[in-house]
Each structure stands twice: as structure tokens, then as C-alpha cells.
Amino acid sequence: MIKFNDSHLKNFISDSEYDAMQGFVNVAHSYLAEKSGQGGDFLGWVDLPVNYDKEEFKRIKEAAEKIRSDSQVLLVIGIGGSYLGARAVIEAVKSPLYNNLKKDTPEIYFIGNSISSAYLSDVLSLCEGKDVSVNVISKSGTTTEPALAFRLVKTFMENKYGREAARGRIYVTTDKARGTLKELADGEGYEAFVIPDDIGGRYSVLTAVGLLPIAAAGIDIDSLMRGAFDARGTFSDPRIDANECYKYAVTRNCLLRKGRSIEVTVAYEPGMWCFEEWIKQLFGESEGKDGKGLFPAGMIFSTDLHSLGQFVQQGARNMFETVLWIESSDKDVTVPEDAQNSDGLNFLAGKTMHQINEKAFQGTVLAHVNGDVPNAIIHIPCADAYNIGALIYFYERACGLSAYLLGVNPFDQPGVQMYKSNMFALLGKPGYEQLRDELKKQL
């Protein structure tokens, strides 16, 4: 199971500070358990590992099996929580090079998460001569980036297969009963899966939003959900000293009070890069409001030690690090001996790359702590479906508690609408004429 290691925080947070937070944690815990706090209508993820829709789960596995059998490419259309979680799991469990590896599962490309014509054109060119399926994910169906991508991809699919055959290759994940995309799915006869009403996008990876692409990649979603189920049992105790998930959340709050307003999530495996991106959205949208919150950043070591390491070691002391350490790898390689030893690395001969990586991790933690950068460590036994499922739940629960400790609603994102309104006005969307005139004066 996931473990939180606070051994390198002793000089930064005292036991009495954790004790002083227990009363606040009790209240925040009750908000989660009883769904009684702000945004309580969006706490469906808390018990999802227990009460998820088993019939839909079966349909997801059947659809994924069909995609694997008849498609060489799966296009996943979505933005934010509609794609980050799935991509994070696929890259963590399989590989960041998933699409390039030999496999009996389709290549998976995530589109509709930008407005780049170059990127979309390149992805569609990769589909030429290959059989393609599509999974479009949107609660409303009108979010600009995925809606634009789906309009273009739908045309591509109908030109390639004809309208009737394309219907059997387009899968929709959307609202249960309403919305533009739901109406289109019903009208065209696309197979549809549900985004639950009580689960927001950034908490939705363990719903059909994430599960269909993850299953299409050949990942065992039963094991993924089992990991989340066990994590729910492990991390539901309100006592800080008995709940390492809550201790992590409280640690973030204590360090923020001491001026550490930036949390850098660090991993030593490139496959965790997108998981860090998912974490950034999870905390950024949940906490960043009302002038509050920690700024979430991410780095991959030892890569980023050669670009940002100097700043971390001796720059502004406004950050702390949370290290995601994966304890074992099933893809390890051993360093050979070299007769000439021209690179001077024979002292590493016989050691595995993972052993060397571990010493880099340990040495870096000590250097950064000695440089006055607090370091917390989250230990993950291995990057398989079970443990990544547990890690997802660990972070969701920690984020919900942490936001309540800050005194903000973890489940809304009112600030996101401002850029959208400006964009719509500048593009000439009806109803935005007055705003467009105001913006033109500022440009």
C-alpha cells in the first residue's frame, strides 16, 4: 500500500503542529464522510470504489475488447480531467513510449486538449491506412477544444468508413440524461457511457472517463479499482497519526503557513510525468481560489536536476518537494563491466539502473533538505494497476481534505470561465458583443 514518509520533515514541522491540526481535520473529514461541506454534491468519488456501476463497468470492458480487436488507433478526445487521468495511468503502468512499443493493443492519441491545428493534423495523418476508433469525452459536448476536435474527427471517420460504419467506432462518454453530446449520441446511435453527476472532471479517472481508454490499452481495470478500494479502507480514519493520506494533506497546510507556497511533485521515472500533470490539475483547480492555495509544480529527476537543480538547491526558499518514489521495477537492466573503463564507471558495474536511481534519489533528498527544502516522500511499491489505483485515491482524498483545511470549495472552478468568455467574445460568438467591444479597447 502507499506509504507517506515524513522522516525528512522533522526540522520543519513539529509533532505538536500535527496535534494542533487534529480538530480541523476532524471537521474536514466529516465534510468528506458526510458530504456536508461546500461542494458536497460532488463527493461521489469518495465511495466510488465500492458502489461504482458494475453493469457499466462490464460494458466498458466489452467495448475496450472490441476496440482492441478492430482498431490500430484509438483517438481520445477530451481536455483537463477528461484525458489527463487516463493518459497518466497508461504512461505510468505501461510506458511513456506506449505508442512506440510492440503490443497487441491500439496506439492511443489524446486530442481535443489544445487548439493546435498542427498537432491535430499530425495525429490524423498517423491514422491514415489504419483502423481507428474514437472516444469523445465531455459532460456538455460544447467545451470548445474537444468539441472542435470532435467535429473534425467525426468528419474524418465518416469520410473513411461511411456514416453507418463510423457509428460503430465512435464511443461517447457524457452526461447521463442531457447535453449536446448526449443528444448527438442518442441521435446517431453511438455507444454511450456516463460521467456521474456527483463526480467532477478532475476526480473522474476511475469512472468511464478514464476506464475505457485505460482498458483499451490492455490495463487490468479490475486491479485498478481494487487498489482504489483498498486505499479507501486504509485512508478513511480521521486520526492524523493513523492516516498517512491525511498526514500528507496536513503537511502541505503546515508548510504553506510557513511560507512554502509552492509544492514541487518529483518523480524519478519519466512514466510519472503525466501523473504529475494530473496532480497539478487536481490541486490547482481544487485549491487555487479566493487568493489561497499552493502552486503545484512537477519535475522529473534526475533529468530536471540538470536544469532546475541549482534553483531548488539555492534559490528562493518558498517551496517544498513531495517525492513519488517507486520502489521496484520489472524492467531493470544491469550495468556491464568495461575493460577499458574509459568513462570511469566500472564502480557501477553489476549494479542495476534502479539501484543507481535509488542512490540518486536518496542523495538528492539529503542535499535538498540540507539546503533548507522540506522533502516528503510517498512510497509506491511498484507502478502496476493496483498501486496506481491506490495512488489515485490517495491523492483524491488528500486533495479534498487539504482544500477544506484551506477553507475553499474543492469542487468548483469559477475562475476558469473568464478566459472562455474573453475568447468567445473575440471570436464573435453571439451574445458577447459588449464584452468584445471592451476587449478590443484593451488589445
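The structure this text deals with has already been given above.
Note that the structure is a prediction, hence the values are computed from the model and not measured. (Residues numbered from 1 in each chain as written. Predicted model: local features only at pLDDT ≥ 70, side-chain atom pairs only at ≥ 80, totals over all residues. Heavy atoms only, no water.)

Help me out: how do you make sense of the sheet that holds strand 4 (residues 132–137) in this one?
Read across the sheet, five strands follow the order 3-2-4-5-6 without closing on themselves; strand pairing throughout is parallel. Bordering the open sheet on either side are strand 3 (107–111) and strand 6 (191–194), each of which pairs with just one other strand. Across this sheet, the average inter-strand angle for adjacent strands is 20 degrees, counted without regard to direction. Here five bridges tie strand 2 (residues 73–77) to strand 4, and the two strands are oriented parallel to one another. The residue bridging Val76 from the neighbouring strand is Asn135, located in strand 4. In the packing of helix 5 (residues 117–126) onto the sheet, contacts are made with strand 2 and strand 3, and the angle to strand 3 comes to roughly 155 degrees. (Pairing = 2+ DSSP bridges. Helix = DSSP H or I, 4+ residues; strand = E, 2+ residues; numbered from the N terminus. Axes fitted to C-alpha atoms, helices over the stretch in contact; angles between N-to-C directions. Contact = heavy atoms within 4.5 Å.)

Honestly, the nonpolar core in this entry has me stumped. Any pointers?
Among soluble globular proteins, nonpolar side chains are generally buried collectively. Of all hydrophobic cores here, the largest spans 108 residues; its most connected members are Phe275, Trp278 and Tyr395. Here this core gets 13 residues from one element, more than from any other, and that element is helix 15 (residues 385–406). If we ignore the near neighbours within four places in the chain, the residues touching Trp278 are Leu84, Gly85, Ala88, Arg202, Val205, Ile392, Tyr395 and Glu396. With 23 residues, the next largest nonpolar core counts Ile77, Leu120, Val136 and Ala185 among its residues. (Core = buried A, V, L, I, M, F, W, Y, C linked by side-chain atoms within 4.5 Å. Buried < 20%, exposed > 50% of the residue type's maximum accessible area, 1.4 Å probe, protein only.)

Is there a simple way to explain a negative patch on the surface in this structure?
Judged by side-chain charge, Asp53, Glu55, Glu62 and Glu65 come together as a negatively charged surface patch. Structurally, the position occupied by Glu65 is in helix 3 (residues 54–70). (Patch = residues over 30% accessible without salt bridge, like charges linked within 9 Å, V, L, I, M, F, W, Y side chains within 5 Å. Areas by Shrake-Rupley, 256 points an atom, 1.4 Å probe, with all protein chains shown as cover. Salt bridge = Lys/Arg side-chain N within 4 Å of Asp/Glu carboxyl O. Lys, Arg positive; Asp, Glu negative; His and termini not counted. Charge placed at Lys NZ, Arg CZ, Asp CG, Glu CD.)

Got a minute to help me understand helix 11 (residues 244–257) in this structure?
Three or four residues apart is the spacing at which side chains of an α-helix point the same way, because the helix has 3.6 residues per turn. Taking 1.5 Å of rise per residue, 14 residues should cover 20 Å, and helix 11 covers 20 Å from first to last C-alpha, within 8% of that figure. All of the buried residues along helix 11 are Cys245, Tyr246, Lys247, Tyr248, Ala249, Val250, Thr251, Arg252, Asn253, Cys254 and Leu255. Tucked into the core, helix 11 has its buried residues touching strand 1 (3–5), helix 1 (15–34), strand 7 (262–267), helix 12 (273–287), strand 9 (319–328) and helix 15. Gly259 sits one or two positions beyond helix 11 and adopts a positive phi of about 90 degrees. (Expected span 1.5 Å × (residues − 1).)

Explanation requested: the packing of helix 4 (residues 84–93) against helix 12 in the structure shown.
A pair of packed helices is captured by two measures, namely the crossing angle of their axes and the spacing between those axes. Viewed as axis vectors pointing N to C, helix 4 and helix 12 meet at an angle of 150 degrees, and their least axial separation amounts to 7 Å. By the angle between their directions, the pair helix 4 and helix 12 is classed as roughly antiparallel. Where helix 4 crosses over helix 12, the two elements pack in a sense that is left-handed. Between helix 4 and helix 12, the residues in contact are Leu84, Gly85, Arg87, Ala88 and Glu91 and Trp273, Cys274, Phe275, Glu277, Trp278 and Gln281, respectively. Within the contact of helix 4 with helix 12, the residues separate by chemical class into six nonpolar, two polar and three charged. (Parallel < 35°, antiparallel > 145°, perpendicular 65-115°, else oblique. Left-handed = near helix turned anticlockwise from the far one by under 90°. Nonpolar A, V, L, I, M, F, W, Y, C, P; charged D, E, K, R; others polar.)

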